[in-house]
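The residues making up each chain are set out below.
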Amino acid sequence: MTAPGVCGMEGAMEDPADPTDENEDETALLFGRVLDGRGGARAIDWAEAQGWRPAAAGQVMWLHVRRTHAGVCDWLQAELGIPEPTARLLVSDATRPRAFREGETLVAVLRGINFNPGAAPEDMVSMHLWSDGTRLVTLRRAPLQTPQDTLLEFEAGTGPADAGSLVTSLTGHMVQRMNAAIVDMNDEIDRLEDLDMEEEGNEEVLSKAVAIRRNCLALQRHMGPQHVALEAIAREAPEWFEGHDRREIAETIALLRRFLDDVDISKESAVVLMDELRARSLAGAERTNYLLTIVAAIFLPLTFLTGLLGINVGGMPGADDEAAFWIVVALCAGIMATQLALFRKWKWL
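What you see is a predicted model, and the numbers here were worked out from it, not measured in a lab.

Scoring rules and cut-offs
- Residues numbered from 1 in each chain as written.
- Predicted model: local features only at pLDDT ≥ 70, side-chain atom pairs only at ≥ 80, totals over all residues.
- Heavy atoms only, no water.
- Buried < 20%, exposed > 50% of the residue type's maximum accessible area, 1.4 Å probe, protein only.
- Helix = DSSP H or I, 4+ residues; strand = E, 2+ residues; numbered from the N terminus.
- Contact = heavy atoms within 4.5 Å.
- Pairing = 2+ DSSP bridges.
- Axes fitted to C-alpha atoms, helices over the stretch in contact; angles between N-to-C directions.
- Parallel < 35°, antiparallel > 145°, perpendicular 65-115°, else oblique.
- Left-handed = near helix turned anticlockwise from the far one by under 90°.
- Nonpolar A, V, L, I, M, F, W, Y, C, P; charged D, E, K, R; others polar.
- 1 Å grid on protein atoms, 1.4 Å probe; cavity = no way out; pocket = protein on both sides within 12 Å on 5 of 7 lines; lining within 4 Å.
- Points joined across faces, edges and corners; volume = space filled by probe spheres on them.

Peer 1: Any chance you could explain helix 3 (residues 84–91) here in plain terms?
Peer 2: Taken together, the buried positions of helix 3 are Thr-86, Ala-87, Leu-89, Leu-90 and Val-91. Tucked into the core, helix 3 has its buried residues touching helix 2 (72–80), strand 4 (98–102), strand 5 (105–112), strand 6 (125–131) and strand 7 (135–140).

Peer 1: Would you explain the sheet that holds strand 5 in this entry?
Peer 2: Within a sheet, each strand pairs with its neighbour through backbone hydrogen bonds, oriented either parallel or antiparallel. Pairing is mixed across the open sheet formed by seven strands, whose spatial order is 2-1-3-7-6-5-4. The sheet is open, and its two edges are formed by strand 2 (41–43) and strand 4, each paired on a single side. Looking at each pair of strands side by side, their axes are set apart by 15° on average, direction ignored. As defined by bridge partners, strand 3 (residues 60–66) adjoins strand 7 across six bridges and the pair is classed as parallel.

Peer 1: I would appreciate a short explanation of the packing of helix 9 (residues 243–309) against helix 10 (residues 324–345) in the present structure.
Peer 2: Packed helices, taken two at a time, are described by their axes: the angle between them and the distance between them. Running from amino to carboxyl end, helix 9 crosses helix 10 at an angle of 155°, the nearest separation of the two axes being 10 Å. One element, helix 9, and the other, helix 10, form an angle in the roughly antiparallel class. Of the two elements, helix 9 crosses helix 10, and the hand of that crossing is right-handed. Note on element contacts: helix 10 touches helix 9 through Val-328, Leu-331, Cys-332, Ile-335, Met-336, Gln-339, Leu-340 and Phe-343, opposite Ile-294, Ala-297, Ile-298, Phe-299, Pro-301, Leu-302, Leu-305, Thr-306 and Leu-309. Within the contact of helix 9 with helix 10, the residues separate by chemical class into 15 nonpolar, two polar and no charged.

Peer 1: Sorry, what's going on with the layout of surface pockets here?
Peer 2: In this structure, the second largest pocket occupies an estimated 210 Å³ of space. Lining the second largest pocket are 14 residues, with Thr-168, Ser-169, Gly-172, Gln-176 and Glu-248 positioned closest to its centre. Mapped onto the lining of the second largest pocket, the elements with two or more residues apiece are helix 5 (163–176) and helix 9. Counting residues per element, the lining of the second largest pocket draws most heavily on helix 5, at six residues. For the lining of the second largest pocket, the residue count by class is two nonpolar, eight polar and four charged.

Take a look at the structure:
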């Protein structure tokens, strides 16, 4: 790798262990493969990758690189001839999904579900991609499982045969991995809808529904541009991206569209559940206020009567009569009974 230059140190940081890493050296390379054009691939190291050219028809080199490693930006320009603005994009943290053609090369920024420990579904990770049809470079910051899926295909001898198939394999696995998170959210919504709200508690269920809706919004915010990016690949990719590759990526686009619909349904289900919980809470509060109003209405005349008889002035009737207390009690009971009868007649109770 060349020494760091104008953008060589951009974004440099330490990364956690990645299950796709196959080496522990200090190079930017996580792993490299040379496709044999028949579904297999052999490993290639960083030194061999420098100045690599295909030795036989159908060979394609795939390098999976840490984009935060010092000097990657300069290496992309010096080794692959990538223009500086594109090289800076490939190593930057600008992770909004997008794709475009640059001459005979394809550049894409894609995002996938973050399945790393402690990550939430909306904490998506990005994979940057560049290919000229003979060489393909994928760059990542946080650990990615998607490249491992394609590596397993090579180990089974059923991997991509060319650069276009490699692009469709990576994008397909990235989109398919979203299914698990979406199914989990749908299952959680179904579970919440089946809960006994009296036992579980409205506040706890409401907080879970709010979290699901937030996750759905985050997924929609990232998956919507991803849908546009995949369509751009299918529409604008160079000639080495063949017809069967365009058909394959069209299937991936359709799958992503279905996932977006599922996310939208989960979001709407969460909103309906939240509305139901809030309606129940509001109805409970209104019932409580109603009961308090009835109690106040019952005791208002009784309070007035007892307050009137309790004033400390001369001439109070019954002050010297031993039966006066019980007369007042009977009078209060009569007033209460009359109120209850009237409330029932007026259907207040």
